[in-house]
Amino acid sequence: MFERPLKLIHNDDHRVYFTSDTHFNHDKVFIYESRGYKNRYEHNDALVEKINEVVRPEDTLIHLGDFCLNITMPEYEQLLDRLNCQHIGYIWGNHNSCIRRKYEETLSDEYRHKDIEVYPHTIGKITYLGYYKEIVVNGHQIILHHYPHQIWNQMQKGAWQLSGHSHYTNPTTQLDNPDNKILDVGWDGHGKPLAFNEIQKIMMNKVHVKQDKHH
């Protein structure tokens, strides 16, 4: 499913979606209550339902970190099974929980003993993409990282930077900020995964602002 460099096509037969900071199973009031739910279980069910409503099994969902917290391995496996999408690309966040342990368990002993990480690395429906990834969708360059950047590769030529982490509290990464083609695709800002074409429309209203010597 994934190539190096990662090149994807978004069309009616295969759509590409982006999200971040779902925080499945995170048992903190500031997460589930701020999203309108009474507890983590109601929160989990609602997010699974929304993702399955938007993202089809044949589509690709790029998740930019903090998928889940406070979760056992059986709970994680069950949660993953409930998601219909069969192609999920994952960028490491700062809360990785079982999704990190699963990755480490499947690396060969040779890599583990040498502290070597391998990307892309596919386990079932998850393809681990590492901490940072540059991808191309429909010929358009996109920079993926859990954390927002001030400067990124090819930004002066229109490349996007998609991030999460801030739970939509950083004004510079919100959709109505016209300065630079950067966007927080996290759940708190949109309440669903965003399709490539939706982000494309948002980015049309953003313009490059010179940050350094590069034009």
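Keep in mind that what you see is a predicted model, and the values were worked out from it rather than measured. Residue indices begin from 1 for each chain and proceed along its sequence in written order. Where local features are concerned, this predicted model is filtered to residues with pLDDT of at least 70; where side-chain atom pairs are given and counted, the filter is 80 or more; whole-chain, interface and lining totals use all residues. Only hydrogens and water are set aside when side-chain values are computed; all heavy atoms of the structure are taken into account.

Participant: Help me out: how do you make sense of the overall build of the chain in this one?
Facilitator: Of regular secondary structure, the chain possesses 7 helices and 11 strands. The C-alpha atoms of the chain give a radius of gyration of 17 Å, which matches the 17 Å a tight globule of 215 residues would have. For the chain, the spread of C-alpha atoms along the three principal axes comes to 50 × 45 × 35 Å. Only protein chains enter the calculation, and the probe is 1.4 Å; a residue is then buried if its accessible area is under 20% of its type maximum, exposed if over 50%, and partly exposed in between. Relative to its 215 residues, the chain shows a buried fraction of 50%. Under the convention used here, a 1.4 Å probe and the Shrake-Rupley method define accessible areas, while residue burial counts only the protein chains that appear. For the chain, the exposed area adds up to about 10,400 Å²; of that, 49% sits on carbon and sulfur atoms. A run of H or I in DSSP becomes a helix once it reaches four residues, and a run of E becomes a strand once it reaches two; helices and strands are each numbered from the N terminus. Here the globule rule reads 2.2 Å times residues to the power 0.38, and the radius of gyration is calculated from C-alpha atoms.

Participant: When you look at the sheet that holds strand β1 (residues 6-8) in this model, what are you seeing that I'm missing?
Facilitator: Backbone-to-backbone hydrogen bonds pair the strands of a sheet. The strands run either parallel or antiparallel. Taken in spatial order, the 5 strands line up as β1-β7-β8-β9-β10 in an open sheet, and their pairing is mixed. Strands with a single pairing partner mark the edges of an open sheet, and in this sheet they are β1 and β10 (182-184). Averaged over all adjacent pairs, the angle separating strand axes in this sheet is 25°, with direction ignored. Strand pairing requires that DSSP identify at least two bridges connecting the strands. Of the pairings in the sheet, the one linking strand β9 (residues 160-163) to β10 comprises 3 bridges and is parallel in character. The residue of β10 that forms the bridge with Q161 is I182. Sitting on the sheet, helix α7 (residues 196-203) is in contact with β7 (132-137), β8 (140-145), β9 and β10, with an inclination near 120° to β9. Whenever a helix is involved, its axis is fitted only over the stretch in contact; in every case the axis is a line through C-alpha atoms, and angles between N-to-C directions fall within 0 to 180 degrees. Contact definition: two residues touch when any of their heavy atoms are within 4.5 Å.

Participant: What exactly am I supposed to notice about the sheet that holds strand β2 (residues 16-19) here?
Facilitator: One open sheet accounts for 6 strands, arranged β5-β6-β4-β3-β2-β11; its pairing is mixed. Unpaired on one side and paired on the other, β5 (121-123) and β11 (194-195) mark the two borders of the sheet. Pairing of strand β3 (residues 60-63) with strand β4 (residues 87-91) involves 4 bridges; the strand directions are parallel. Looking across to β4, one finds that H63 is bridged to Y90. Strand contacts of helix α4 (residues 97-106): β4, β5 and β6 (126-130), with the helix running at about 105° to β5, the strand carrying the most contacts.

Participant: Explain helix α3 (residues 73-82) to me, please; I cannot follow it from the model alone.
Facilitator: An α-helical turn contains 3.6 residues, so any two residues separated by three or four positions project in the same direction. Buried within α3 we find M73, Y76, L79 and L80. Buried residues of α3, viewed axially, fall in a sector of 125°; they line one side. In α3, the exposed positions angled more than 90 degrees off the buried face are occupied by P74, Q78 and D81. Buried-residue contacts for α3 involve α2 (40-54), β4, α4 and β6. The arc refers to the directions leading from the helix axis to the C-beta atoms.

Participant: How do you make sense of the pairing of β4 when you look at a structure like this?
Facilitator: Both faces of the sheet carry side chains from a regular strand, because those side chains alternate between them. Taking burial as the measure, the 5 residues of β4 include 4 buried ones, the bulk of the element. With the strands aimed away from the viewer, a crossover counts as right-handed if its path from the first strand over the helix to the second runs clockwise. A crossover links β3 with its parallel partner β4, the connecting element being α3, and its sense is right-handed. In this structure, β4 lies alongside β6, joined through 4 bridges in parallel fashion. Each bridged residue has a counterpart across the sheet, and for Y90 the counterpart in β6 is Y128.

Participant: Looking at this structure, how should I read the side chain of D21?
Facilitator: Inspection of the secondary structure assignment puts D21 in the loop between β2 and α1 (29-32). Note on charges: Lys and Arg go in the positive column, Asp and Glu in the negative column, and His and the chain ends are not counted at all. Criterion for a salt bridge: a side-chain nitrogen of Lys or Arg within 4 Å of a carboxyl oxygen of Asp or Glu. Buried and unpaired, D21 has no salt bridge, with R35 as the nearest side chain of opposite charge at 6.5 Å. Those residues within four positions of D21 in sequence are excluded, and the remaining contacts are R35, H63, G65, D66, H146, G164, H165, H167, G186, W187 and D188.

Participant: Just to check I follow, could you spell out the pairing of β8 for this structure?
Facilitator: Examined bridge by bridge, β7 and β8 share 6 bridges and lie antiparallel to one another. Bridge pairing in β8 links V136 to Q141. Counting the residues between successive antiparallel strands, the hairpin from β7 to β8 contains 2 residues, one of them, N138, with a positive phi of roughly 50°. As judged from the 3 bridges shared by β8 and β9, these two strands associate in the parallel manner. Paired with I143 across the strands is Q161, a residue of β9.

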